[in-house]
Amino acid sequence: MKEKNKTNEGGNRQKRLPIPNDVTVKLWTKAAGRCEFRGCNRILYEEDLTHENGNFSNFAHILPNSEKGPRGHEITTQTQEDRNTEENFMLLCPIHHKLIDARETESKYPASLLREMKKEHEDRIRLVTSADAERKSQVVIYQAAIGRELPFLITADEANFAILPDRYPLKSEPTNISSFSEASDTKKGTWEEKLEDLTTKFKASIAPGLQKEQNAHVSVFALAPIPLLVQLGALLSKADVTFYHPRLRKEGWKWKPDTEDSFDFVVKRPEEKKKKVALVLSISGTITPDRVTSVLGKDCSIWEITVDEAFRNVGSITTLAQLKKWGVTVARVIDEIKAAHCESKEICIFPAIPAPCALELGHRRFNKADLAWVMYDQNGEKNRFIKT
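Procedures and definitions
- Along each chain, numbering runs from 1 in the same order as the chain's sequence is written.
- The model is predicted, so local features are restricted to residues of pLDDT at least 70 and side-chain atom pairs to those at 80 or more, both for listing and for counting; the totals for chains, interfaces and linings are taken over all residues.
- The basis for the side-chain values is all heavy atoms of the structure; hydrogens and waters are excluded.
- What makes a salt bridge here is a side-chain nitrogen of Lys or Arg within 4 Å of a carboxyl oxygen of Asp or Glu, nothing more.
- The helix and strand labels rest on DSSP assignments: H or I over at least four residues marks a helix, E over at least two residues marks a strand, and numbering proceeds from the N terminus.
- To sort residues, take the accessible area from a 1.4 Å probe on protein chains only and compare it with the maximum for the residue type: under 20% means buried, over 50% means exposed, and anything in between is partly exposed.
- DSSP-based pairing: two strands are paired if at least 2 bridges between them are found.
- An axis is simply a line fitted to the C-alpha atoms; with a helix, the fit covers only the stretch in contact. Between two such axes, the angle follows the N-to-C directions and lies from 0 to 180 degrees.
- Whether two residues are in contact is decided by their heavy atoms: any pair within 4.5 Å suffices.
- To define a nonpolar core, start from buried Ala, Val, Leu, Ile, Met, Phe, Trp, Tyr and Cys residues and group those joined through side-chain atoms within 4.5 Å.
- Between 65 and 115 degrees an angle is taken as roughly perpendicular, under 35 as roughly parallel, over 145 as roughly antiparallel, and anywhere else as oblique.
- Following the grouping adopted for this structure description, the nonpolar residues are Ala, Val, Leu, Ile, Met, Phe, Trp, Tyr, Cys and Pro, the charged ones are Asp, Glu, Lys and Arg, and the polar ones are all others, Gly among them.
- Note on handedness: a clockwise path from strand one over the helix to strand two, with the strands aimed away from the viewer, defines a right-handed crossover.

A.B. asks: I'd like a rundown of the pattern of salt bridges, residues and numbers included.
C.D. replies: Opposite charge on two side chains permits pairing when their charged atoms draw close. One pass over the structure, following the stated rule, counts 19 salt bridges. Residues glutamate 87 and lysine 26 are paired through a salt bridge, measuring 4.0 Å at the closest nitrogen-oxygen approach. With glutamate 87 in the loop between strand E3 (58-61) and strand E4 (89-92) and lysine 26 in helix H1 (residues 21-31), the pair connects residues that are 61 residues apart, well separated along the chain. What makes lysine 26 partly exposed here is its relative accessible area of 40%. A salt bridge links lysine 338 to aspartate 335; its shortest N-O distance comes to 3.4 Å.

As structure tokens, this is what we get:
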């Protein structure tokens, strides 16, 4: 392409300097061949539709070659040579290059904003590529309608980025085993179908990788009805796994630092032994005894794990240390129940717990040693707990 000449203040033509090869290589490397415009991240070495290889990038000046160029009024003491260094270029797709330089829109993109975008993108690339090769993790996304609603969609990019820098994604695309059935939970056979669908997808998409990779790690991003989350946790019971909390999504899904816990789990034991056994989990809400007896009858021993009322909400669990303490507490209480009710064949579980607690509950399950678990779920249509 021919170099364009521009006129300087003295009326002489100002020649556009060619971009040095080392600047080209450095910029392409730091940008990883992707558009640095915030939110774009488009691959620039491959055409979007046909996936044919090629160079589809533009080298965009932050401060222009000439004072008459876009953002030229921001030039102060920088020489033309100063403005021909890697620090003054962004790697952009043609669309966003045109956007930042067009007369109608250039005022929206001052040099300070463009430098911020450039740094943000290049810092992210550095972070992604700094992960230890042994720290790979299979990223799993699982969503299912709660009632008949889906609060939000978990994207591949947010899940992949959330595990950095402690882990890095095994594949660019997470394993998505979501199910968006609109069938009513009160319809006979619905829960069985949902549980079977989850199990089938798990065996097809996740289990083979766990069997192939020794010490495989899994990062789980899940939002679904509690019984399904418990099932997913149980399917992962033999895996090294990290569960993420949907309530921390605004913070990039990052768990808060493992500082001293702000609360303890409280275990309430029944005063007398009765025919049936129920385990109430009141963490994100309160489940009163009458809500259990209205389903199971009064001949029922009710055990409960809860927290102080001030912490009883869906966002109560904010650190991995709290989640681990939850898992230890659940396992201990279930062992107590087995010892106290050795003649019982099942535990009826009534949960009001955050998503990661449901996953951890399932993860702590040992099928051969445990009593059968009968999961109940609060149903909006019936306005009571129903058996799943």
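A.B. asks: Outline the sheet that holds strand E13 (residues 346-352), supporting the account with residue identities and numerical values.
C.D. replies: Overall, mixed pairing links the six strands, which are arranged E10-E12-E11-E13-E14-E15 in an open sheet. Sheet topology places strand E10 (266-268) and strand E15 (384-387) at the edges, where each strand pairs with a single neighbour. Geometrically, the sheet is characterised by an average inter-axis angle of 25° between neighbouring strands, direction not taken into account. Here three bridges tie E10 to strand E12 (residues 300-306), and the two strands are oriented antiparallel to one another. Within the sheet, the bridge partner assigned to valine 266 lies in E12 and is threonine 306. Of the strands in this sheet, strand E11 (276-282), E12, E13, strand E14 (372-379) and E15 are in contact with helix H8 (residues 289-296), which crosses E12 at around 140°.

A.B. asks: An account of the environment of leucine 323 is requested, with residue identities and associated values reported.
C.D. replies: Here leucine 323 shows up in helix H9 (residues 320-340). Setting aside chain neighbours within four positions, we find leucine 323 in contact with Phe243, Trp255, Ile317, Pro356, Cys357 and Glu360.

A.B. asks: An account of the nonpolar core is needed here, citing residue identities and associated values.
C.D. replies: One recurring pattern in soluble globular proteins is that nonpolar side chains are buried together. Grouped together as the largest cluster of nonpolar side chains are 62 residues, with contacts concentrated most on Tyr142, Phe221, Leu232, Leu236, Leu279 and Trp326. It is H9 that contributes the most residues to this core, six residues altogether. Beyond its immediate sequence surroundings of up to four residues, leucine 232 is in contact with Tyr142, Ile177, Leu198, Phe202, Val220, Ala222 and Leu359. Counting 21 residues, the second-largest nonpolar core is a separate cluster that includes Cys35, Ile75, Phe89 and Cys93.

A.B. asks: Any details on the packing of H1 against helix H3 (residues 111-129)? Residues and values, ideally.
C.D. replies: Helix packing geometry: the angle between the two helix axes and the distance between the axes. Relative orientation of the contacting elements H1 and H3 amounts to 70°, with a least axis distance of 8 Å. On the basis of their axis angle, the class for H1 and H3 is roughly perpendicular. On the side of H1, the interface is formed by Leu27, Lys30 and Ala31, while H3 contributes Lys118, His121, Glu122 and Ile125. Each residue belonging to the contact of H1 with H3 can be placed in one class, and the counts come to three nonpolar, one polar and three charged.

A.B. asks: Account for helix H7 (residues 226-235), naming residues and giving values.
C.D. replies: Buried residues dominate H7, accounting for eight of its ten residues. Among the residues of H7, Ile226, Pro227, Leu228, Leu229, Val230, Leu232, Gly233 and Ala234 are the ones counted as buried. In this fold, the buried residues of H7 make contact with strand E5 (136-143), helix H5 (190-205), strand E8 (217-223), E13, helix H10 (355-363) and E14.

A.B. asks: Which residues make up the pairing of E5, and what are the values?
C.D. replies: A large share of E5 lies buried, amounting to seven of its eight residues. Pairing of E5 with strand E6 (residues 168-169) involves two bridges; the strand directions are parallel. If you follow serine 137 over to E6, its bridge partner there is proline 169. The β-α-β motif built from E5, the intervening helix H4 (residues 156-162) and the parallel element E6 has right-handed crossover chirality. Across six bridges, E5 lies against E8 in parallel orientation. Looking at E8, one finds that tyrosine 142 is bridged to alanine 222. Pairing of E5 with strand E7 (residues 175-176), which is carried by two bridges, proceeds in the parallel orientation. The residue bridging isoleucine 141 from the neighbouring strand is asparagine 176, located in E7.

These results come straight from atomic positions and should not be treated as a statement about function.
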